[in-house]
Every structure is written in structure tokens, then in C-alpha cells.
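Understanding the architecture of this molecule
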Amino acid sequence: MALGTVIRSVSAPANFPRGIAFTGRALWVDDQGTDIIYQLDPRTGAVIRSLAAPSTFSHGLAFEGRSIWVCDDGAGVIYQLDPRTGAVIRSLADPSTATAGLCYAGRFLWVSQYDTALIYQLDPRTGDVIRSVSSPAAVPTGLAFDGRFLWVSDYPSGLTYQV
């Protein structure tokens, strides 16, 4: 199968999906239009459960093995959520109010900022910035970690970079 070949597609449960995370068994998708975070069966797209988002501008999602992380694009807050109940475990100050991408890599949370084109490495316990790096993307809107590298997507160019 060629790289880039669509293997499957499933309908989003709402019309404004912004973030996506995979737990190993399920997909989580946050929808900014409904302010709901959906857990989906990746084979069928069926909604397994839904949680109220802790904010009205949820954007990026990440999973670190026990918790779902979601960032608020307007308030500058990153929330750690219990995936069973949706309860906020902790909230962290975001380095910016223009967060788009979020991923968990190793022991750290990574956040992309579309207004500064920076990617921040954060301590997930305190929210302290460990370091920041310039993004190759002019408007970094998504982040993922493949076990070795970060991947960042760029909204205006349609490119995805491995960094």
C-alpha cells in the first residue's frame, strides 16, 4: 500500500472536529462546535462515550496512557481529564492563547502555537516550559509523536513536517 493511501474513513460525530488522539484502542475527537469530546470505535466510528469539554474553545488532544489532555484555544489553559468521567484532574497555564496542536511524548507534553510558530515542551505536572523550538510550519496546527520524532502540520501550506 502506498504512503498516503486512505485505508478507512469514518464520519465525525459533529461538524467541527479540532483535535484527535489515539489510546491504542479508541480514538478521541474534540468538537469545537458542540464542546464535546467523543470517544470513537476506530473500526466503525461509533460513539463509545462523550464528555463535556472543559471549555468552549477546545482544540488539541493528547493521550499519555491514563489521561486525556485538551487545550483551550482562547483561554490559554491546558486541561488533564479523567477519560472515564471527564473530570478535570489538573489545569495548566498555556504558554500562549493560540494553542493548536498538543501531543504527549515520553514524559513531556508538547504544544504548538499558531500565533508565534513555536513548539513548547512542557512539564505536565507544573506546566513549566522546558524549552521552545521554532516550528518549520508557518501556522503549526497539529502535533503528533511517533515514538522518536515530532510531526507538525501546517494549515496554510498543507504540509506535514517530521522534526
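A brief look at the structure comes next. Because the structure is a prediction, the values reported are computed rather than measured.

Structural notes on the pattern of salt bridges
- Under the defined criterion, the tally for this structure stands at 3 salt bridges.
- Residues Asp 82 and Arg 84 are paired through a salt bridge, measuring 3.2 Å at the closest nitrogen-oxygen approach.
- Classification of Asp 82 as buried rests on a relative accessible area of 15%.
- A relative accessible area of 59% means that Arg 84 is categorised as exposed.
- Close ionic contact of Asp 123 with Arg 125 constitutes a salt bridge, the shortest N to O distance being 3.1 Å.

So, the pairing of strand E7 (residues 77-81)
- Counting buried positions over the 5 residues of E7 gives 5, a clear majority of the element.
- As paired strands, strand E6 (residues 68-72) and E7 are joined by 5 bridges and run antiparallel to one another. Residue pairing for E7: Ile 68 is matched across the bridge by Leu 81.
- In textbook terms, the turn of a hairpin is the stretch between consecutive antiparallel strands, and for E6 and E7 this stretch comprises 4 residues, one of which, Gly 76, has a positive phi near 75 degrees.
- Inspection of the sheet shows E7 paired to strand E8 (residues 88-93) by 5 bridges, in the antiparallel sense. Bridged to Gln 80 within E8 is Arg 90.
- In this antiparallel pair of consecutive strands, E7 and E8, the connection spans 6 residues, and Gly 86 shows a positive phi of 85 degrees.

What counts, and at which threshold
Residues numbered from 1 in each chain as written. Predicted model: local features only at pLDDT ≥ 70, side-chain atom pairs only at ≥ 80, totals over all residues. Heavy atoms only, no water. Salt bridge = Lys/Arg side-chain N within 4 Å of Asp/Glu carboxyl O. Buried < 20%, exposed > 50% of the residue type's maximum accessible area, 1.4 Å probe, protein only. Helix = DSSP H or I, 4+ residues; strand = E, 2+ residues; numbered from the N terminus. Pairing = 2+ DSSP bridges.

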